[in-house]
Amino acid sequence: MTVHRLTGTTHRETHCFVCSPTNESGLRIPFDYDDVAKEVHARFSFGEGQSGAPTFVHGGIALAVLNEAMAWAVVSETGDFAVAASMTTDFRRPLRIGSGYSVRAAVLARDTGEVRAEAMITDDSARECTHAQARFRVLSAATAERLKARVARP
């Protein structure tokens, strides 16, 4: 297995709420890509700032983590920059503040201009808490270059 860290020094670094280590208000989740398993994964926990109902993680925060993991899977597997066009999610177990979790994501299929991916968050007992599938729209090379130039940092 060859694992590569995906955040911090890539040209895609953007001050992302989910993965950027420089976003003081963000989750700062460090994602890795396993090029043998062809999947993105990360371990993390949620703090009190991510709560919805007392002791539970806000559902929107869980969606952000799932979306980010799938986006990294798309970029890592295809080399294309893409944005989510649609996502369906099943919330199977509540996510709790302070508990440990893992997220895994992989590309399911690729068609012209579109990539489908899936992700799941599991707890420390390997029980699936959330499962998502999404359709990502691949951006043109010109659009990707314009976006990259806007967020480039010296």
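Residue positions are counted from 1 within each chain, in the order its sequence is given. Local features are withheld for residues below a pLDDT of 70 in this predicted model, meaning they are given only at 70 or higher, and side-chain atom pairs are given and counted only at 80 or more; totals for whole chains, interfaces and linings count all residues. To get the side-chain values, take all heavy atoms of the structure and skip hydrogens and water.

As annotated in an unreviewed UniProt entry, the protein carries the name Acyl-coenzyme A thioesterase THEM4 and is attributed to Amycolatopsis albidoflavus.

What about the overall build of the protein?
When helices and strands are tallied, the protein shows two helices and seven strands. The helix count covers DSSP runs of H or I at least four residues long, the strand count covers runs of E at least two residues long, and both are numbered beginning at the N terminus. Going from the N terminus to the C terminus, the protein shows its helices and strands as β-β-β-α-β-β-β-β-α. Relative accessible area decides the class of each residue, using a 1.4 Å probe on protein chains only: under 20% of the type maximum gives buried, over 50% gives exposed, and in between gives partly exposed. Here the protein, with 154 residues, has 37% of them falling under the buried criterion. A sequence separation of at least 24 residues applies to 62% of the contacts in the protein between residues at least 6 apart. In the structure as shown, the protein presents an accessible area of about 8,400 Å², 50% of it carried by carbon and sulfur atoms. Between two residues, a contact is recorded if the distance between any of their heavy atoms is within 4.5 Å. Accessible surface area values rest on a Shrake-Rupley calculation with a 1.4 Å probe, where residue burial reflects the displayed protein chains alone.

What to know about unusual backbone geometry
A positive phi angle, near 55 degrees, is found at Arg28, a position not held by glycine. If you trace the backbone, Arg28 turns up in the loop between β1 (3-5) and β2 (32-34). With relative accessibility at 39%, the residue Arg28 sits in the partly exposed group.

Considering the nonpolar core
Remark: nonpolar core denotes a set of buried residues (Ala, Val, Leu, Ile, Met, Phe, Trp, Tyr, Cys) joined through side-chain atoms within 4.5 Å. If you look at the biggest cluster of nonpolar residues, it comprises 36 residues, and the most contacted ones within it are Phe31, Val65, Met70 and Val103. Of all the elements in the fold, those that place two or more residues in this core are β3 (39-45), α1 (59-78), β5 (100-111), β6 (114-123) and β7 (128-138). Tallying contributions element by element places α1 first for this core, with ten residues.

Some words on the pattern of salt bridges
The term salt bridge refers to a pairing of a side-chain nitrogen on Lys or Arg with a carboxyl oxygen on Asp or Glu at a separation within 4 Å. Scanning all chains against the criterion turns up eight salt bridges. Note that Glu39 and Arg104 form a salt bridge whose closest N and O atoms lie 2.5 Å from each other. Here Glu39 is found in strand β3, whereas its partner Arg104 is found in strand β5, with 65 residues between them in sequence. What emerges from the salt-bridge pattern is a single network uniting Asp90, Arg92 and Glu128.

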